[in-house]
Each structure stands twice: as structure tokens, then as C-alpha cells.
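Okay, here's what each chain looks like letter by letter:
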Amino acid sequence: VSTQSTGIDVGEDAPRTVISGLRHFVPEDQLRDALVAVVCNLKPANMRGIKSQGMLLCASDKDHKTVEVLRIPKGSKPGERITGESFSEAPDAQLNPKK
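Residues numbered from 1 in each chain as written. Predicted model: local features only at pLDDT ≥ 70, side-chain atom pairs only at ≥ 80, totals over all residues. Heavy atoms only, no water.

Caption draft 1: The arrangement of the side chain of serine 52 in detail. Tracing the chain through its elements places serine 52 in strand E5 (residues 50-52). According to the relative accessible area criterion, serine 52 is buried, its value standing at 4%. Within the structure, the side chain of serine 52 is placed 3.2 Å from the backbone oxygen of glycine 54, a separation counted as a polar contact. Filtering out sequence-adjacent residues up to four positions away, serine 52 remains in contact with Thr17, Val18, Ile19, Pro44, Ala45 and Met47. (Helix = DSSP H or I, 4+ residues; strand = E, 2+ residues; numbered from the N terminus. Buried < 20%, exposed > 50% of the residue type's maximum accessible area, 1.4 Å probe, protein only. Polar contact = N/O pair within 3.5 Å; in protein donor to acceptor, adjacent residues only side chain to side chain. Contact = heavy atoms within 4.5 Å.)

As C-alpha cells, then:
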């Protein structure tokens, strides 16, 4: 199995279940208690029979042989919005909702 299920604290009442295809790239112990970036305004998707409620942001090399999770600076709090200096708008409630 190439996927793994992770409960991630994103500052809500309960952790979000996020399914990722990182099992072969990032050991689970490196994700435990790590501050990571999660896209939360995606429509939940069923993956291998489990509803994934977000996407863990990662970067890879050109050959997709090395994958690293985007880490957030120490001192950040779960649920804080990640933004750039030139972005002041509120995020979409859900990206690409079906109409």
C-alpha cells in the first residue's frame, strides 16, 4: 500500500484525516508532531475507502524520486493561514466546487 492516513491538527475541533501517497518517501515518524502545510478548502475525496479532508503540501525533484513535506516555521499555530505579502483576500470556502 502506497498511501497512509494521518490525523492532522489544523486548529479545528478535531484533527482532519488526510490521505497521502508519501509512504515510500517520508517515514511516518518524521510527520508525527511536525508543523506542516495543509490545503483545507478542498472537497473531501474518498481514497482507498477513506475520506481525505485535505492535502499535505510537498515538493519533489524533477524525477519525483525525492519528496519533502513543506515545513512551517517553529512558533506557528495549527490553523494559522499561510499567505504571501501581496495577498489580502480571504481564501475560497472550497476550491473548484461542482456547480
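Read on, since the account is not over.
Caption draft 2: Region of interest: unusual backbone geometry. Phi angles above zero are rare outside glycine, and aspartate 33 is one such case at about 65 degrees. In this structure aspartate 33 comes out as exposed when scored by relative accessible area, which is 77%. One non-glycine residue, arginine 48, adopts positive backbone phi at about 55 degrees. Among the secondary structure elements, arginine 48 is positioned in the loop between strand E4 (45-47) and E5. For arginine 48, a relative accessible area of 61% translates into the label exposed.

Caption draft 3: Summary view of the state of the cysteines. Tallied over the full model, the rule gives zero disulfides. Cysteine cysteine 40 remains unbridged, with the sulfur of cysteine 58 as its closest cysteine sulfur at 14 Å. (Disulfide = S-S within 2.5 Å.)

Caption draft 4: Examining the nonpolar core more closely. Residues Ile8, Val10, Val18, Leu22, Val26, Leu31, Val36, Val38, Leu56, Val67 and Val69 constitute the largest nonpolar core, which totals eleven residues. Not counting residues up to four positions away in its chain, the partners in contact with valine 67 are Leu22, Phe25, Val26, Cys58, Ala59 and Ser60. (Core = buried A, V, L, I, M, F, W, Y, C linked by side-chain atoms within 4.5 Å.)

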